[in-house]
Amino acid sequence: MKDEDLIKSVSDINSYVLDDDIRLYNKYMSSLKPGSVALDVGTGVGKSAIALALANPKILVLTYDDGSYAIPRGWASNVNDYVDKIHELTQKYNVNNLSFSVEDILTIKFNQQFDLFHLDDEAKEGDILEYVLPYVKSGGILLVRNYRRFKDRVDSLCTGFEYLDYLGLIQV
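Residues numbered from 1 in each chain as written. Predicted model: local features only at pLDDT ≥ 70, side-chain atom pairs only at ≥ 80, totals over all residues. Heavy atoms only, no water.

Caption draft 1: Representation of the environment of Gly 140 in the model. Structurally, Gly 140 can be placed in strand S5 (residues 136-145). A relative accessible area of 31% means that Gly 140 is categorised as partly exposed. When the C-alpha positions of Gly 140 and Leu 32 are compared, they lie 9.5 Å apart, and in sequence the two are 108 residues distant. (Helix = DSSP H or I, 4+ residues; strand = E, 2+ residues; numbered from the N terminus. Buried < 20%, exposed > 50% of the residue type's maximum accessible area, 1.4 Å probe, protein only.)

Caption draft 2: Geometry of the pattern of salt bridges. Throughout the structure, instances matching the rule amount to 10 salt bridges. The closest approach of N and O atoms between Arg 153 and Glu 130, which form a salt bridge, is 2.5 Å. Pair noted here: Arg 153 is in helix H6 (residues 151-157) and Glu 130 is in helix H5 (residues 125-132), with a separation of 23 residues, a long-range link. What makes Glu 130 partly exposed here is its relative accessible area of 44%. (Salt bridge = Lys/Arg side-chain N within 4 Å of Asp/Glu carboxyl O.)

If you want it as C-alpha cells, here you go:
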C-alpha cells in the first residue's frame, strides 16, 4: 500500500499519531516476511495498531494496552467498552490480522519472539522497552515513538543496535 493511501485510510481516527509515523509503519511493516509477528504496546485509540495491520495484512499484529490512556480520557468508559471499540475498528477497516488485549504488558510472559516491536506508552515506556527487548528477534525492528522523551534510557538499553531512521516522533 502506498504511504498516502494508508494515511488516508486511517485519517478519520482522531489521534496524535502523525502522518510521518504512519509512513514509518508502512515502510517497516512492508519489509517483513509473511508470517512475521509484530508487537504493538500502547494501543491508545487504535490508530497505530490499525495502520500497522493494514500496512501488511500478512503480518500478525498483537496490540496491548492497560487502558490508562483511552479510559481516563473518555474514549472508552471501561475495559469492556475499550475492547468493543477496538473490535469495531477492526471490523470497520476489515482488519483480520490484529489481536487486542487489555493487559499490563509487564505481567505477560511471552512464548515467542517478535519481528517488529512498536512502543507508544507515556507512563512506563522505559520499563516496557527493557522488559520487551529480550522478546525482539535478532535483526528485528524496534519503532520507538516519543524517542526524545526518554532518549538516554533507549540509547543505554539499545547499545550496539543499528539506528535506521528518524521521522516524526519515531526512532527506528
